[in-house]
Amino acid sequence: MKPDTHLAHAGRDPAANQGIVNPPVYHASTVLFPTVAALEERTRAPFDGVYYGRYGTPTTFAFEEAVSGLEGGFKAVSLPSGQAALTTALMAVTQAGDHVLVTDSVYGPTRGFCDSVLRQFGVETEYYDPRVGAGIAALIRPNTAAVYVESPGSLTFEVQDVPAIASAARAAAVNRPLAVLMDNTWATPLFFKPFAHGVTISIHAATKYIVGHSDAMLGAIVCANEETWLQVKRTAVRLGTCAGPDDIYLGLRGMRTLSVRLARHGATGLALADWLAARPEVARVIHPARPDHPDHALWRRDFSGASGLFAFALKPVPKAAVAAMLDQMRLFRMGYSWGGFESLILPTDPAKVRTATRWEEPGPLIRVHAGLEDVDDLKADLADGFARLQAAS
Ligand SMILES: Cc1ncc(COP(=O)(O)O)c(C=O)c1O
């Protein structure tokens, strides 16, 4: 099935549900077993069906089937947030004494987890230049358990050479298996296929584009093979990180329109990026789908589309001028969680969250999420903002 057909049909079985189009939302903790034999059989293989609320229900499995099938993975595990997905995935593949390599462009709270909880449990994190490519081989140690990529980085939008990183890291890790984890939230399972590029575990903040309406927290981990899936599933069950049924349902509902929404987010994002690039106040636009992005060739090679999140750097201006611009936007509002139908704008400071590389842009960096509004209205809002910025500079 082509992706759009998969999105319309995955995880649905109306015949098993009185002809109703969508699967029911199962609210469940206890699952009853008719006999001792049935109880024992399911306890021996708890992942082979419905066993206990925390292990998932048909609602959970429907969502997981939709996400995993779209991405081309073996199976998925759903979690109560994107952060729960990435922390569970990291815990699943590491143990005390291990070393993990994490891109310096990583989402800030991922770094926060590595530098606190992972460290507390005896796992050392080393950050690497997102543009390291095959050079990752030089950083592999005998105890390196995982390489973590996020492409593009969700603040600074470096596109990573994921296939080069994955194959060089694996070749250098001679004595033990090495997991390649990817935060694929920006591209969603539609625009980047992690398993065709050497990734073993794909992580999604489904809170963003998959849910798509800014009204639920949800995460998903998709695994390349059965062994990895079992490792991740067992970890999620042991940690107790199970997502709530209503939020899972919103994730599944979001999947139905993911492709049409992303086409619009992507087109509007690129139109805004091009418009911003022509503004005198803007030093540079950082959008992987623009030919002037330093990693544009990699994006063209590996991605089949762009979502609506990108950044632009202003020429140096006082902080008060940025505030004058952003405080009174009518349509672009300030908030962290992107991927919904509404446009967002956010001042960011990547210099503060880097350790392996330096962020040397002289002017302020602004992150934009292109929503589903009319693009001309969005441009008008930005133009008014630039007028306020000019007046306050
Ligand atoms: C790239 C990326 N990964 C993970 C997360 C965490 O997702 P959640 O907010 O669902 O915990 C976010 C949230 O902003 C994100 O931007």
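Everything here concerns the structure above.
The rules we used
- Residues numbered from 1 in each chain as written.
- Predicted model: local features only at pLDDT ≥ 70, side-chain atom pairs only at ≥ 80, totals over all residues.
- Heavy atoms only, no water.
- Near = heavy atom within 4 Å.
- Polar contact = N/O pair within 3.5 Å; in protein donor to acceptor, adjacent residues only side chain to side chain.
- Areas by Shrake-Rupley, 256 points an atom, 1.4 Å probe, with all protein chains shown as cover.
- Helix = DSSP H or I, 4+ residues; strand = E, 2+ residues; numbered from the N terminus.
- Nonpolar A, V, L, I, M, F, W, Y, C, P; charged D, E, K, R; others polar.
- Salt bridge = Lys/Arg side-chain N within 4 Å of Asp/Glu carboxyl O.
- Buried < 20%, exposed > 50% of the residue type's maximum accessible area, 1.4 Å probe, protein only.
- Contact = heavy atoms within 4.5 Å.
- Pairing = 2+ DSSP bridges.
- Axes fitted to C-alpha atoms, helices over the stretch in contact; angles between N-to-C directions.

Moving on, we get to the site of the ligand. Taken together, 14 residues sit near the ligand, with G82, Q83, D183, T207 and K208 positioned nearest. Between the ligand and the protein, one listed contact pairs an oxygen atom with a side-chain N or O atom of T207 at 2.5 Å. A distance of 3.2 Å separates an oxygen atom of the ligand from a polar side-chain atom of W338. Protein chains bury 92% of the 390 Å² of accessible surface belonging to the ligand in isolation. Ranked by the residues each element gives to the shell around the ligand, the list is headed by helix α4 (residues 82-93), at 3 residues. Of the residues belonging to the shell around the ligand, the class tally is 5 nonpolar, 6 polar and 3 charged.

Let us now look at the pattern of salt bridges. Pairing between side chains of opposite charge can happen when their charged atoms approach one another. Applying the stated rule across the entire model yields 16 salt bridges. Note that R301 is salt-bridged to D161, the shortest N-O span being 2.8 Å. Taken together, the positions of R301 in helix α11 (residues 296-302) and D161 in the loop between β4 (144-150) and α6 (162-172) put the pair 140 residues apart, joining distant regions of the chain. Judged by its relative accessible area of 18%, D161 falls in the buried class. Of the charged contacts, one joins E360 and R358 as a salt bridge, the two residues approaching to 3.4 Å between their closest N and O atoms.

On to the environment of V282, then. Within the element layout of this structure, V282 appears in strand β8 (residues 282-286). By relative accessible area, which is 6% here, V282 ends up buried. Separated by 180 residues in sequence, V282 and V102 place their C-alpha atoms 31 Å apart. If we skip the residues at most four places from it in the chain, V282 touches L276, F312, A313, L314, K315 and F386.

Looking now at the sheet that holds strand β11 (residues 365-369). The 4 strands lie next to each other as β8-β9-β11-β10, forming an open sheet whose pairing is antiparallel. Two strands close off the open sheet at either side, each with one partner strand: β8 and β10 (344-348). With strand direction ignored, the average angle separating the axes of adjacent strands in the sheet is 25°. Here β8 runs beside strand β9 (residues 309-314); their pairing, made up of 4 bridges, is antiparallel. The partner of V285 across the bridge, within β9, is F312. Contacting β8, β9 and β11, helix α10 (residues 258-277) crosses the sheet at an angle of about 10° to β9.

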